[in-house]
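# Analysis of the macromolecular model
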Amino acid sequence: MLAIPMELIDTHVHLLYPEKFTYAWGVAVPALNRPFPLAHYRAAASDPPRDMRVKSLMFLEADVPAAQQLAEVDFISRVAAKDRGELPIAAIIAGAWPESADFATQIEQLAGNGRVRGVRRVLHTMPDEFSSTLTFSENLRRLPELGLTFDLCLRPPLLPTVTALVARCPATQFVLDHAGVPDIAGGQLDPWRENLQKLAEQPNVVCKFSGLASCCDPAQPMTPQVRPYFDHCLKCFTPQRLMWGSDWPLCDLTFDLPGWLRTTSELLCELSEDEQTAIGMGTAKRIYRLV
């Protein structure tokens, strides 16, 4: 058991400000089609299990239109600078599209913002071959010289495609969001299991143990559903290449943030203190250069 409260960095939080930005993906989801500001996240994270606490969070771009991407980063940076209370915004993963001719200019601008640690492009809404173009990989190879990572947001069928992409960009640091979004509610381990193992063989990718609450069947207890997927992530990546995150507020679609924290506690309490620290904070600090 944990001797002292375990500290977590929530590496995957979407703060939503619909009065300022457009979230086309949320229009069809009434539960998400409203504001989710920093104060609401802090309230949701304020009552964790006794053996852990959320220390800080990272803002993940919320898939706004390309024309709003830089404005989103500027706004969240101002929120972070103004509100440094409990549970601060530690860093930003910005939206940027590697298929764009403007990508090189955009990432140079983003790299000039001291809070930005990486970029992301949502892939699961695009054709499977979308990330296989020469332009896409050439642009991702620009990231290391600017100290930026690339978050992979995808569904399980795309795992083989992004494994090839990761291999074509050996100097670029990749982060797999939500363990590749396995079908936990349907109990489907394969072919996700084999494809995740192949991706993990690429040394320049780490995995987020995040967003899995919304993959579960809300009519069943969460921890037993998640356990086999967590065990496989742990086997493939080891704690030194795993990091924790919530995917708030999307996790509320099935359970909620306190529920995800309870499942996290139940799974991590079985590990050593060093392993808990690696997943809770250590991997995130190293990969995203957090202090």
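Refer to the structure presented above.
Cut-offs applied
Residues numbered from 1 in each chain as written. Predicted model: local features only at pLDDT ≥ 70, side-chain atom pairs only at ≥ 80, totals over all residues. Heavy atoms only, no water. Phe/Tyr/Trp six-rings, centres within 6.5 Å; stacked < 30°, edge-to-face > 60°. Helix = DSSP H or I, 4+ residues; strand = E, 2+ residues; numbered from the N terminus. Buried < 20%, exposed > 50% of the residue type's maximum accessible area, 1.4 Å probe, protein only. Lys NZ or Arg CZ within 6 Å of the ring centre and 35° of its normal. Core = buried A, V, L, I, M, F, W, Y, C linked by side-chain atoms within 4.5 Å. Contact = heavy atoms within 4.5 Å. Axes fitted to C-alpha atoms, helices over the stretch in contact; angles between N-to-C directions. Parallel < 35°, antiparallel > 145°, perpendicular 65-115°, else oblique. Left-handed = near helix turned anticlockwise from the far one by under 90°. Pairing = 2+ DSSP bridges. Right-handed = clockwise from strand over helix to strand, strands pointing away.

### Overview of the packing of aromatic side chains
The full count for this structure, using the stated rule, is eleven aromatic pairs. Between the aromatic rings of phenylalanine 209 and tryptophan 260, the centroid separation amounts to 5.0 Å while the plane-to-plane angle is 45°, which identifies the pairing as tilted. Placement of phenylalanine 209 in strand S7 (residues 205–209) and of tryptophan 260 in helix H8 (residues 257–268) is noted, with a sequence separation of 51 residues between them. Residue phenylalanine 209 is classed as buried on the basis of its relative accessible area, which comes to 0%. Grouping aromatic residues by their ring pairs yields a cluster made of Phe130, Phe136, Phe150 and Phe174. Directly above the ring of tryptophan 97 sits arginine 121, whose terminal nitrogen or CZ lies 4.1 Å from the centroid.

### Looking at the nonpolar core
The tendency in soluble globular proteins is for nonpolar side chains to be buried side by side. Leu15, Tyr41, Leu152 and Val226 are the most contacted members of the largest nonpolar core, which totals 86 residues. Sorting elements by how many residues they give to this core places helix H7 (residues 222–237) first, with eight residues. Among residues more than four places away in sequence, those in contact with leucine 152 are Leu123, Val162, Leu165, Val166, Phe174, Val175, Leu176 and Asp177. Counting residues in each nonpolar core, the second largest holds 13 residues, with Met243, Met281, Ala284 and Leu290 among its members.

### Let's talk about the packing of helix H6 (residues 192–200) against H7
One can describe the packing of H6 onto H7 by two numbers: an axis separation of 9 Å at closest approach and a directional angle of 25°. Taken together, the axes of H6 and H7 are roughly parallel relative to one another. For the crossing formed where H6 meets H7, the hand is right-handed. Along the contact surface, H6 presents Trp192, Arg193, Leu196, Gln197 and Ala200, while H7 presents Tyr229, His232, Cys233, Cys236 and Phe237.

### Digging into the environment of phenylalanine 150
Within the element layout of this structure, phenylalanine 150 appears in strand S5 (residues 149–153). Overall, the relative accessible area of 0% leaves phenylalanine 150 in the buried class.

### Quick notes on the pairing of S5
Each regular strand displays side chains that alternate between the two surfaces of the sheet. For S5, the tally of buried residues reaches five of five residues, placing the bulk of the element in the interior. Side chains Thr149, Asp151 and Cys153 of S5 all project onto a buried face; the interleaved residues Phe150 and Leu152 project onto the opposite face, where all are buried too. Taken together, the five bridges between strand S4 (residues 116–122) and S5 define a ladder with parallel strand orientation. Each bridged residue has a counterpart across the sheet, and for arginine 120 the counterpart in S5 is aspartate 151. The parallel pair S4 and S5, bridged by helix H4 (residues 134–140), forms a crossover whose chirality is right-handed. In the sheet, S5 pairs with strand S6 (residues 174–176) via three bridges, with the strands oriented parallel. Note that in S6 the partner of aspartate 151 across the bridge is valine 175.

### Some thoughts on the side chain of threonine 263
Tracing the chain through its elements places threonine 263 in helix H8. The exposure class assigned to threonine 263 is buried, which follows from its relative accessible area of 3%. When near neighbours in sequence (up to four residues on either side) are disregarded, threonine 263 contacts Met222, Thr223 and Val226.

### Concerning the sheet that holds strand S3 (residues 89–95)
Taken in spatial order, the eight strands of this open sheet run S1-S2-S3-S4-S5-S6-S7-S8, and their pairing is parallel. Looking along the sheet, the strands with just one partner apiece sit at the ends: strand S1 (6–13) and strand S8 (242–244). Adjacent strand axes in the sheet meet at a mean angle of 30° when their direction is disregarded. Sheet contacts for helix H2 (residues 69–82): strand S2 (52–60), S3 and S4; angle to S3, the most-contacted strand, approximately 175°.

### Thoughts on unusual backbone geometry
A cis amide bond, omega 5°, links aspartate 190 with the succeeding residue proline 191. Structurally, proline 191 is set in the loop between S6 and H6. Of note, the amide linkage connecting tryptophan 248 to proline 249 takes the cis form, showing an omega dihedral of 0°. Examined against the element boundaries, proline 249 turns out to sit in the loop between S8 and H8. Positive phi, normally seen in glycine, also occurs at alanine 179, with a value near 55°. Positionally, alanine 179 belongs in the loop between S6 and H6.

### Quick look at the pairing of S7
For S7, the tally of buried residues reaches five of five residues, placing the bulk of the element in the interior. Burial of S7 is two-sided: the residues Val205, Cys207 and Phe209 facing one way and the residues Val206 and Lys208 facing the other way are all buried. Of the pairings in the sheet, the one linking S6 to S7 comprises three bridges and is parallel in character. Opposite leucine 176, over in S7, you have cysteine 207 as the bridge partner. Taken together, S6, H6 and S7 form a β-α-β motif whose crossover is right-handed. You can see the chain leave S7, run along H7 and come back into S8, and the turn it takes is right-handed.

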